[in-house]
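So you can see what is in the structure, the chains are spelled out below.
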Amino acid sequence: MPVAPPDPANLQTEQDVPHPVLLNTWKHHAGWIRERIAAAVRSGSAGVAALPAEMAVVGSRLMDLYVGMLKPATIAEAVITDLNARGLFEFDPLAKWLAEQGAYALTELPDRSTWTIRLGPADGRYLHLHPGRWARHTMRVQANTLRSAVMAHALARLTGRAANELEVVNEARKQYLGMLPVLELTGTGGLGAVIAALQAPA
């Protein structure tokens, strides 16, 4: 019997991202996405078929995808440590500081990636993180491009093919996403680049 896919509501904290950090890993973390694809494939066809519904959290706009080596929990802990050291970790001082900065602030992590800090609800995960725009170790990605790259990788692993084959990409787009075929895998910032970014390290 296939293993049931995890509840999408729990996916953001699956890697123990500490409270109160909110980091939408589906939108912003290539390494986490690679691991999620692998887990879906281990669950077989049913696991792969569940991925499009999970990706509803990706939305429909451009996003910044972190492609560096830091884990989601490591990113969160680095920001928490920095804010604690400056007396800005608790909600009230953080809210005051961000208001003074114009509603958001940027912070640099040890790998020299830049992350944006925004404020979430006081009674939840109020420390909202996402990669800085055009920053080191990030790429700008269209939502449907990301979905296509994810499903191409999932189908390729499920069937023993390569995710960067045009036939595989178009089969995945049609079968799982109901999308029209593409004529080519475009380069920088396009589908070919996102597929490459989600490729597991050798």
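Just so you know, these numbers come straight off a predicted model, no measurement behind them.

A word on the nonpolar core. Counting residues in each nonpolar core, the largest one holds 35 residues, and the members touching the most others are Trp26, Ile33, Leu146, Val150, Met151 and Leu198. Secondary-structure elements contributing two or more residues to this core are helix H2 (30-42), strand E2 (63-66), strand E6 (138-141), helix H7 (143-159), helix H8 (166-177) and helix H9 (191-197). When residues no more than four places from it in sequence are discounted, the contact partners of Leu198 are Ala30, Ile33, Arg34, Leu146, Ala149, Val150 and His153. One finds Leu70, Ala76, Ile117 and Leu127 within the second-largest nonpolar core, a separate group that totals 22 residues.

Pairs can form between side chains of opposite charge whenever their charged atoms are close. Under the defined criterion, the tally for this structure stands at six salt bridges. Of the charged contacts in the structure, one is a salt bridge between Lys71 and Glu35, with a shortest N-O distance of 2.6 Å. Placement of Lys71 in the loop between E2 and helix H5 (72-85) and of Glu35 in helix H2 is noted, with a sequence separation of 36 residues between them. Its relative accessible area of 37% is what places Glu35 among the partly exposed residues. Residue Glu100 is joined to Lys96 by a salt bridge in which the shortest nitrogen-to-oxygen separation is 2.7 Å. You can see Glu100 and its partner Lys96 sitting in helix H6 (residues 91-101), four residues apart, about one turn around the helix. Taking the relative accessible area as the measure of exposure, Lys96 reaches 55% and is therefore exposed.

What counts, and at which threshold
- Residues numbered from 1 in each chain as written.
- Predicted model: local features only at pLDDT ≥ 70, side-chain atom pairs only at ≥ 80, totals over all residues.
- Heavy atoms only, no water.
- Core = buried A, V, L, I, M, F, W, Y, C linked by side-chain atoms within 4.5 Å.
- Buried < 20%, exposed > 50% of the residue type's maximum accessible area, 1.4 Å probe, protein only.
- Helix = DSSP H or I, 4+ residues; strand = E, 2+ residues; numbered from the N terminus.
- Contact = heavy atoms within 4.5 Å.
- Salt bridge = Lys/Arg side-chain N within 4 Å of Asp/Glu carboxyl O.

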